Amino acid sequence: VRWDMEPCWRWVVNDTCGEKDITDKKLILFGCGKFIHEYTREMQLSDFLVVDGGGIKKHGTSIWLDNKVCVINAPDILRELDVAKYYIVITVQNNEIASEIKQMIESEFPLWSDHFCLYSQLHRSYSDIISVLLCDPFVHRKIDEGRISTKLPGYIAKANDILAHCITDQGSELKFSAIKCSSRVILIVRHRDQKYLLYLPYNKEGYLYSESNLRQNYEIRKRLKINDALILYESPDGFALSRFMETENDFSDKNVSRAIMRKIRTVHESGEIIDAKESIPEAINVLEDELNIDESSLNGYVGKLHRLVIPETKIYKEKLLHGDLSYGNILYSGDHIEIIDWGSMHMGDPMFDVCLFYYFVSKDWTHNFMEVLSMYFEREVGKSEYKHAKAWLILISYWKYLLEMKNCGTQEKLLNELKQLLDEYSE
């Protein structure tokens, strides 16, 4: 491995029309919510403007973003700026609000219609694997978490060998970028009009990622033929290369949810066993200790949760779970559905998978809880089954609330949702 190479990367936007190089543009960050702090820090942005349409009180005030003081501008500033010199990045995570911003830009500022993207569409594009592993801030974080810097030369050599064997016609230059949100280092590899995902070994510590559990995980997925249609290469030590699957982002179609529930139930009923287990109640106890929360907290709601909800979630027949069934780990195009990212696979209550899916998907799309349960069971749901599933939904909501409290402070919206769920849960 040559470490003396000059790293080379470009700012690139990926959308339905392909790649667009915007390295020579100054960025306009549209949306001044809490995510903008994390985004500017992790993307290591240095030169940008901030725009927000949320209210006149914000306009003209200052915000501190990654060691830089920025003035919050009203959207009307777009009329004064040269479209050829700037590019808008919508830094809003909520799909509904992001959609409203896109519509506003297209209707009120038509000159900018082809000059904006979502935050998730902007990435750094590198010329080789060495550059992405040495320069990308998201990869740096993963390397630090797993303390794997001494393994990088071997990783680079292995990755290049996999690409040479699986992408044989490399006459045109390969391009690399990093997946931003993942428990491991995952690179997007672009070759002409094709895209692939290159997975490096897990760099987390803990029993889920122990050598024996990773091997069990690998062997189970091979037996169940999970993601066989996508995977070009995989080894038990954690390297993998798969095809990139374009996916739709609308989960409002009931047929999609029905197919997902059917697919995950097949895994639950497979009879496969892995040594890994996780306990959400135990994780909650740790968070409660860190946040000094006891059973009298939240006007007694925590006591009700410990008295009624947690005991109910401990009654189940243990099955193999995906463990992280958010809609971000579900790909679908037409009738083809793939559930990906099986690194959190463990034994537990199937309702954890089902309710976690509902928890995430109901944030952005209108879903009926009973209807999703009926999709899973493929029949009418009994009262005791509904009560048991509702307990898991409450527990997941409480768990997410505590995580947000730890990371971001007070979360009134999540707290109100949690209280409503507990009020609806009968003694």
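A brief report on the enclosed structure follows. (Residues numbered from 1 in each chain as written. Predicted model: local features only at pLDDT ≥ 70, side-chain atom pairs only at ≥ 80, totals over all residues. Heavy atoms only, no water.)

Concerning the sheet that holds strand β3 (residues 26-30)
Piece 1. Taken together, the six strands give an open sheet; going across it, the order is β5-β6-β4-β3-β7-β8, and neighbouring strands pair in mixed fashion. Either end of the sheet is taken by a strand with one partner, and the two such strands are β5 (62-64) and β8 (116-118). For this sheet, the mean inter-axis angle between neighbouring strands, taken without regard to orientation, is 35 degrees.
Piece 2. Pairing geometry for β5 and strand β6 (residues 69-73), over three bridges, is antiparallel. Paired with Ile-63 across the two strands is Cys-70, which belongs to β6. (Pairing = 2+ DSSP bridges. Helix = DSSP H or I, 4+ residues; strand = E, 2+ residues; numbered from the N terminus. Axes fitted to C-alpha atoms, helices over the stretch in contact; angles between N-to-C directions.)

A closer look at the pairing of strand β11 (residues 184-191)
Piece 1. By the criterion of burial, β11 is predominantly enclosed, with eight of the eight residues buried.
Piece 2. Residues of β11 alternate between two faces, with Arg-184, Ile-186, Ile-188 and Arg-190 on one and Val-185, Leu-187, Val-189 and His-191 on the opposite face, all of them buried.
Piece 3. Strand direction decides the pairing type here: strand β10 (residues 175-178) and β11, joined by four bridges, are antiparallel. For Lys-175, the partnering residue across the bridge sits in β11 and is Arg-190.
Piece 4. The antiparallel hairpin formed by β10 and β11 contains five residues in its connecting segment.
Piece 5. In this structure, β11 lies alongside strand β12 (residues 194-202), joined through seven bridges in antiparallel fashion. (Buried < 20%, exposed > 50% of the residue type's maximum accessible area, 1.4 Å probe, protein only.)

Some points on helix α1 (residues 35-43)
Piece 1. Among the residues of α1, those classed as buried are Phe-35, Ile-36, Tyr-39, Thr-40, Glu-42 and Met-43.
Piece 2. Positive backbone phi, approximately 55 degrees, marks Gln-44, located one or two places after α1.

Some words on the packing of helix α10 (residues 350-364) against helix α12 (residues 383-408)
Piece 1. As a packed pair, α10 and α12 sit with axes 9 Å apart at the nearest point and diverge in direction by 60 degrees. The pairing of α10 with α12 is recorded here as oblique in orientation. For the element pair α10 and α12, the recorded crossing hand is right-handed. Judged by residue contacts, Met-351, Phe-352, Cys-355, Leu-356, Tyr-358, Tyr-359 and Phe-360 of α10 engage His-388, Ala-389, Trp-392, Leu-393, Ile-396, Ser-397, Trp-399 and Lys-400 from α12. (Parallel < 35°, antiparallel > 145°, perpendicular 65-115°, else oblique. Left-handed = near helix turned anticlockwise from the far one by under 90°. Contact = heavy atoms within 4.5 Å.)

Points about the pattern of salt bridges
Piece 1. Taken as a whole, this structure holds 17 salt bridges when the rule is applied.
Piece 2. One salt bridge connects Arg-10 with Asp-21, and the closest N-O pair in it is separated by 3.0 Å. Here the residue Arg-10 occupies a position in strand β1 (residues 9-15), and Asp-21 occupies one in strand β2 (residues 18-21), the gap between them amounting to eleven residues.
Piece 3. For Asp-21, a relative accessible area of 40% translates into the label partly exposed.
Piece 4. The shortest N-O distance in the salt bridge between Arg-79 and Asp-76 comes to 3.5 Å.
Piece 5. Overall, Asp-76 belongs to the partly exposed group, its relative accessible area being 46%. (Salt bridge = Lys/Arg side-chain N within 4 Å of Asp/Glu carboxyl O.)

Quick notes on the packing of aromatic side chains
Piece 1. Summed over all chains, the structure comprises 16 aromatic pairs.
Piece 2. Put simply, the rings of Phe-251, Tyr-327, Tyr-332 and Trp-365 pair up and form one aromatic cluster.
Piece 3. Lying over the aromatic face of Phe-239, Lys-158 brings its terminal NZ or CZ to 5.8 Å of the ring centre.
Piece 4. Directly above the aromatic system of Phe-244 lies the positively charged group of Lys-195, at a separation of 4.2 Å from the ring centroid. (Phe/Tyr/Trp six-rings, centres within 6.5 Å; stacked < 30°, edge-to-face > 60°. Lys NZ or Arg CZ within 6 Å of the ring centre and 35° of its normal.)

Focus on the pairing of strand β9 (residues 122-126)
Piece 1. Across the five residues that make up β9, a large majority, five, are buried.
Piece 2. On β9, burial covers both faces: Leu-122, Arg-124 and Tyr-126 on one face and His-123 and Ser-125 on the other are all buried.
Piece 3. As paired elements, β1 and β9 share five bridges and run antiparallel to each other. Note on β9: the bridge partner recorded for Val-13 is Leu-122.

Thoughts on the nonpolar core
Piece 1. In terms of nonpolar packing, the biggest core is built from 64 residues, with Phe-251, Met-261, Leu-305, Met-351, Phe-357 and Tyr-398 touching the most fellow members.
Piece 2. Looking at this core element by element, the count peaks at eleven residues for α12.
Piece 3. With residues near it in sequence (within four places) discarded, Phe-251 still touches Val-256, Ser-257, Ile-260, Tyr-327, Ile-330, Tyr-332, Phe-357, Val-361, Trp-365 and His-367.
Piece 4. Ile-129, Cys-135, Phe-176 and Val-189 belong to the second-largest nonpolar core, a separate cluster that totals 27 residues. (Core = buried A, V, L, I, M, F, W, Y, C linked by side-chain atoms within 4.5 Å.)

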